[in-house]
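# Chains, contacts and geometry: an overview
Chain by chain, the residues:
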Amino acid sequence: MKNRKRCVSRVFRRAASAKDGVIKNMDQETGVKLLQYFMLGILLVLCFILPGTGAKRTARESVRQGGSQELRENDPGGSGSGGEKGTIVIDAGHGGDDPGMIGPGGVNEKELNLVYAKKLKGLLEAQGYRVVMTRETEDGLYDADQPNKKAQDMERRVKIIEESAPLLTVSIHQNSYPDASVSGPQVFYFEHSKEAEKLASSVQSAMNQELGIERPRTQKGNTTYYILKRSSSVTVIVECGFLTNPQEEAKLQQEEYQDRVARAVCDGILEYLSQSVV
Ligand SMILES: [Zn+2]
């Protein structure tokens, strides 16, 4: 019996130790599986969650890059890459020996025209356009010894326009009328040009609205003005206001009003160009 007992107890011990072994084996397997789950979890985090934040970051960067692209377009002068949208000619009327209209307060049209032309130039360049000015100084475009200065001056302006092949041309002037009470902006276009009429309409509307003109005019067709007749560009003449009206003469010299006029002309041009682009 003793032997049998011993034998049984040995069997139990073996069984027990075998059971322990199983338990040990099971513990090891569970550990491995837990490790596998842990690694899988890390992989999931790496594969799905982090790329998501990466995508968000990329999206934010694209927006930021888009923004800076917009900034570049709006500030071509800053990046030194202006003019990608095309060329616009600005013609400051008169100059040199030709003062244009002289207001009752003594202001010369040629000086005001240049002020407005330069302001408009800045606004259009900020929008990405290349601007060609027919003049940037007080001087006219004629030679001093030229017998017919006015004719040469006008021919040279048209030559600059033709050589620039612009999207459009804006000639800046100040108006005059025998009745001193007459005031407000007036835009002219060559009567036989549908595109010039559209541009004139857009600029006239922008000026009427943005300057709060009490008696707004409509754009006016013309067949005699040299620059309208002789240039093949889509050209308008913008008469900013009447120098024969003393109140308007004073207003036209105020920088705040000059900025508003330039902005309105610029907006009218941009509106026209936005409709013209196919
Ligand atoms: Zn003029």
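Before reading on, note that the structure itself is shown above.
Residues numbered from 1 in each chain as written. Predicted model: local features only at pLDDT ≥ 70, side-chain atom pairs only at ≥ 80, totals over all residues.

### Topic: the overall build of the protein chain
Counting its secondary structure elements, the protein chain contains eight helices and six strands. Secondary structure of the protein chain in N-to-C order comes out as α-α-β-α-β-α-β-β-α-β-α-β-α-α. For the protein chain, restricting intrachain contacts to residue pairs at least 6 apart in sequence, the fraction spanning at least 24 positions comes to 76%. (Helix = DSSP H or I, 4+ residues; strand = E, 2+ residues; numbered from the N terminus. Contact = placed C-beta atoms within 7 Å.)

### Some points on the sheet that holds strand β4 (residues 186-190)
A sheet is described by the order of its strands in space; here six strands give the open sequence β2-β1-β3-β6-β4-β5, paired in mixed fashion. A single partner strand is all that each edge strand has here, and the edge strands are β2 (130-133) and β5 (220-222). For this sheet the average axis-to-axis angle between neighbouring strands, irrespective of direction, equals 25°. Bridging between strand β1 (residues 87-92) and β2 involves four bridges; their strand directions are parallel. Along β2, the bridge assignment pairs I88 with V131. Helix α3 (residues 109-126) contacts β1, β2, β3 (168-175) and β6 (235-242) of the sheet and is inclined by roughly 145° relative to β3. (Pairing = 2+ DSSP bridges. Axes fitted to C-alpha atoms, helices over the stretch in contact; angles between N-to-C directions.)

### Points about the pairing of β3
Taking burial as the measure, the eight residues of β3 include eight buried ones, the bulk of the element. Side-chain alternation along β3 places L168, V170, I172 and Q174 on one buried face and T169, S171, H173 and N175 on a second face that is also buried. As paired elements, β1 and β3 share five bridges and run parallel to each other. Looking across to β3, one finds that I90 is bridged to V170. (Buried ≥ 20, exposed ≤ 12 C-beta atoms within 10 Å, placed from the backbone.)

### Focus on the packing of helix α5 (residues 194-210) against helix α8 (residues 255-276)
Across the interface, α5 lies against α8 with an axial gap of 8 Å and an inter-helix angle of 140°. By the angle class used here, α5 and α8 are oblique. The element α5 and its partner α8 pack so that their crossing is right-handed. Together, K198, L199, S202, V203, S205, A206, M207 and E210 of α5 and R260, R263, A264, V265, D267, G268, I269, E271 and Y272 of α8 make up the contact between the two elements. (Parallel < 35°, antiparallel > 145°, perpendicular 65-115°, else oblique. Left-handed = near helix turned anticlockwise from the far one by under 90°.)

### Considering helix α4 (residues 149-164)
The terminal C-alpha atoms of α4, which comprises 16 residues, lie 23 Å apart, in line with the 22 Å expected from a rise of 1.5 Å per residue. What α4 keeps buried is the set D153, R157, V158 and I161. Looking straight down α4, one finds its buried side chains confined to an arc of 130°; they lie on one side. Facing away from the buried side of α4 by over 90 degrees, the exposed positions are A151 and E163. Those residues of α4 that are buried lie in contact with β1, β3 and α6 (226-230). Positive phi appears at A165, one or two residues downstream of α4, with a value of about 40°. (Expected span 1.5 Å × (residues − 1). Arc of directions from axis to C-beta.)

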